[in-house]
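A look at the structure
Next come the chains, spelled out residue by residue.
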Amino acid sequence: MTTPPPPSARFDAAWKQALAHAGQAAQRFGMDVVVTRDLLGRASLLVDDRAAPLPADAPDVLSASAAFAAATHPFTGLEPVVLGSLLFAPDLFFASSDRTEISASHGSVGSVHALERTVIGTDWTSAPVSAQAPNDEDWDRRDRRVAMYGFKGGVGRSTATAMLARYLADRGRCVLVVDLDLESPGVSNLLESPSGIPRHGIVDHLVEAAVGHGDGLELVARGTALPVRGESNGEVWFAPAGGTPRAGERSDYLAKLNRIYSDLAPLTPGDSPRPFATRLEQAISACENQVAELSRRPDVVLLDCRAGMHDIAAVTLTHLSGLALLFTVDNPSTWEGYRMLFEQWRQRQDHVSDLVERLRVVAAMFNSAGDINRLLALQERAYNLFADTLYEPDSTYISAPDAEDAPHSPIPILFGNDLIGLDPLRSSAWPELPMVEAVYQTFTTTVERLLPSPHPEPS
């Protein structure tokens, strides 16, 4: 008689069981528990028994291990239950900043945290990195960075980025636009002709700095396709995703792109590891430093960010920007996408309130200028999403669904068929067309009010 195979759980069900058993272990042993999940989705329970070591063959330990394996099969780790007292480096798990709290310790019950190991995506919920400010502690870099993001592509984000940059420069600001849509770059072409693209870009910095060779790159250039109006001393600078090699030089963009998303070990023994979030922050800081050296410190840095659930978006929205503009079109797939994103953020209760204050919804390509009811309907859906996911029960926004300054309150960008096919390189005057100015007026003026004041003039 053959032994029947054990019951099996699908990926999501196995993780739900793993978290439930983690809670039971925290209660049974009265110790903190970390439930880990590896690249294949296999889970293990790590029990922090360092203060009171448990025998590995204790009946309670064996029973918990057998029950966990049965509930999570085939997504069970190679060791279902691991005791912290037997680990070589337990702090890698029990003190990791990448843990997500599932439940806090209370009374005699230990805490439960989850620790994921994935190929991409950990930056959606990892702890924020610090913006670097070498030799200038007053340079509030993160507050001056604006993430331009849409869960879905094709919503006019890059054009809006160029229009916002030009508007802010018209008012005397020094603006840097960074093209972070590395798989589909484009905003640089709205700001400068191909011959004016600098020699290197963000991708070049990521691959060169990985081997300690990031100094001396030519990362930024001044955009001339959308000239600043009047007597303003404003400037528009840009950093492309990839540079334009000089005559005779060869550049394999794809070969570089395929090597940039890794977390890296320290370059020299004793230094800190170099996660992708930190490396991207260093690339953006390098661009800001070059603008400061060539002209002055950027007052605003617009980060034109890749759409979708991608590591670039995770790092930019979660870690690097002081304001994140969420481009939204009112359709079910967009709202479902943002719901998935917000539910990821909700896992980090320790910094979700800070994140909420940095978000604003943008009603992109809003094609009914005279129909206020459609805008109100979009606002209602945005409010419901924020209230279900990110707003705390005692948040002031819960009782103010109509508040104009709330994160869910949409900033409209209108849409007209006349916008299709406009080419700034053929007609630099197109931003001054009355139709174009009307489309972006509310957007540009509202975003300007959300930004920090320009840097003071040097004395």
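Our structure's up above, just so we're on the same page.
Note that this is a predicted model, so its numbers are computed, not measured.

This paragraph deals with the sheet that holds strand β10 (residues 300-305). As summarised here, the arrangement of the 8 strands in space is β8-β9-β7-β10-β6-β11-β12-β13, forming an open sheet in which the pairing is mixed. The open sheet terminates on both sides in strands that have one partner only, identified here as β8 (221-222) and β13 (411-414). Its contacts with the sheet put helix α11 (residues 372-389) on β12 (359-366) and β13, and the angle it makes with β12 is roughly 145°.

With that out of the way, let us pick up the nonpolar core. One finds Y149, I202, L280 and F342 to be the most contacted residues of the largest nonpolar core, which totals 61 residues. Among all residues touching I202, those that are not within four sequence positions of it are V178, D179, L180, L182, P240, A241, L280, A283 and C287. With 38 residues, the next largest nonpolar core counts A162, M163, V436 and V447 among its residues.

Right, let's get into the packing of helix α1 (residues 11-29) against helix α2 (residues 59-72). Between α1 and α2, the shortest axis-to-axis distance is 9 Å and the interhelical angle comes to 165°. Relative to α2, α1 is oriented roughly antiparallel. In terms of crossing hand, the pair formed by α1 and α2 is right-handed. Residues A14, Q17, A18, H21, R28 and F29 of α1 form the contact with α2, whose own contacting residues are D60, V61, S63, A64, A67, F68, A71 and T72. Considered class by class, the residues forming the contact of α1 with α2 number 8 nonpolar, 4 polar and 2 charged.

What follows is about the environment of G186. Within the secondary structure layout, G186 lies in the loop between β7 (174-180) and α5 (202-210). Along the backbone, G186 and P240 are 54 residues apart, and their C-alpha atoms lie at a distance of 8.4 Å.

This part is about the pairing of β10. Regular strands place their side chains on alternate faces of the sheet. Within β10, 6 of the 6 residues are buried, which leaves it mostly tucked inside the rest of the structure. Alternating positions in β10 separate into two faces, V300, L302 and D304 on one and V301, L303 and C305 on the other, with burial throughout. Note that strand β6 (residues 145-150) and β10 share 4 bridges and pair parallel. For A147, the partnering residue across the bridge sits in β10 and is L303.

Another aspect to go through is the environment of A314. One can find A314 in helix α8 (residues 311-320). Expressed as a C-alpha distance, the spacing of A314 and A277, which sit 37 residues apart in the sequence, is 8.7 Å.

What follows concerns α8. Among the 10 residues in α8, 10 count as buried, and that is most of the element. Among the residues of α8, D311, I312, A313, A314, V315, T316, L317, T318, H319 and L320 are the ones counted as buried.

The subject of this paragraph is the pattern of salt bridges. Tallying each qualifying case throughout the model produces 23 salt bridges. One salt bridge in this structure joins E281 and R145, with 3.0 Å as the shortest N-O distance. Pair noted here: E281 is in helix α7 (residues 276-294) and R145 is in strand β6, with a separation of 136 residues, a long-range link. A relative accessible area of 0% places R145 in the buried class. The partner of R157 in a salt bridge is D304, and the shortest N-O contact between them spans 2.7 Å. Of the two residues, R157 sits in helix α4 (residues 157-170) while D304 sits in strand β10, which places them 147 residues apart along the sequence. Overlapping salt bridges, with partners in common, bring together R141, R145, E281 and E288 in one network.

A few words now on the pairing of strand β3 (residues 76-83). For β3, a buried count of 6 out of 8 residues is recorded, marking the element as mostly surrounded by other parts of the structure. Bridging between strand β2 (residues 43-47) and β3 involves 4 bridges; their strand directions are parallel. Counted as the bridge partner of V47 is L83 from β3. Chirality of the crossover, the property in question, places the unit of β2, α2 and β3 among those that are right-handed.

Spatial ordering of the open sheet is given by β3-β2-β1-β5-β4, a layout of 5 strands whose pairing is mixed. Each of the sheet's edge strands pairs with one partner strand only, and the pair in question is β3 and β4 (100-103). Within the sheet, the average angular offset between the axes of one strand and its neighbour, ignoring direction, is 20°. Contacts between α1 and the sheet are confined to β1 (33-37), β2, β4 and β5 (112-116), with β1 contributing the most and set at about 160° to the helix. Together, β2 and β3 form the strand contacts of α2, whose direction differs from that of β3 by roughly 155°.

So, about the side chain of T161. Its location among the elements puts T161 in helix α4. Using a relative accessible area of 0% as the deciding quantity, one classes T161 as buried. Of the polar contacts made by the side chain of T161, one reaches the side chain of D304; its length is 3.5 Å. Residues in contact with T161, not counting those within four places in the same chain, are M148, V177, V187, L302 and D304.

So, about the packing of aromatic side chains. Given two aromatic rings, one states the distance between the centres and the angle between the planes to describe the pair. The tally for this structure, following the rule as stated, stands at 10 aromatic pairs. Centre to centre, the rings of Y149 and Y338 are 6.3 Å apart; their planes meet at 75°, and the pair counts as edge-to-face. In this pair, Y149 sits in strand β6 while Y338 sits in helix α9 (residues 332-345), placing the two residues 189 residues apart along the sequence. Looking at Y338, the relative accessible area reads 2%, which means it is buried. Look at F151 and Y338: their rings are 6.0 Å apart centre to centre, the planes differ by 50°, and that puts the pair in the tilted class. Placement of the pair is F151 in the loop between β6 and α4 and Y338 in helix α9, with a sequence separation of 187 residues. Y338 carries the same exposure label as F151, and that label is buried. An aromatic cluster is defined as three or more aromatic residues linked by ring pairs; in this entry it consists of Y149, F151, Y338, F342, W345, F386, Y391 and Y397. Above the plane of the ring of W15 lies R37, whose end atom (NZ or CZ) is 4.0 Å from the centre.

Definitions and cut-offs
- Residues numbered from 1 in each chain as written.
- Predicted model: local features only at pLDDT ≥ 70, side-chain atom pairs only at ≥ 80, totals over all residues.
- Heavy atoms only, no water.
- Pairing = 2+ DSSP bridges.
- Helix = DSSP H or I, 4+ residues; strand = E, 2+ residues; numbered from the N terminus.
- Contact = heavy atoms within 4.5 Å.
- Axes fitted to C-alpha atoms, helices over the stretch in contact; angles between N-to-C directions.
- Core = buried A, V, L, I, M, F, W, Y, C linked by side-chain atoms within 4.5 Å.
- Buried < 20%, exposed > 50% of the residue type's maximum accessible area, 1.4 Å probe, protein only.
- Parallel < 35°, antiparallel > 145°, perpendicular 65-115°, else oblique.
- Left-handed = near helix turned anticlockwise from the far one by under 90°.
- Nonpolar A, V, L, I, M, F, W, Y, C, P; charged D, E, K, R; others polar.
- Salt bridge = Lys/Arg side-chain N within 4 Å of Asp/Glu carboxyl O.
- Right-handed = clockwise from strand over helix to strand, strands pointing away.
- Polar contact = N/O pair within 3.5 Å; in protein donor to acceptor, adjacent residues only side chain to side chain.
- Phe/Tyr/Trp six-rings, centres within 6.5 Å; stacked < 30°, edge-to-face > 60°.
- Lys NZ or Arg CZ within 6 Å of the ring centre and 35° of its normal.

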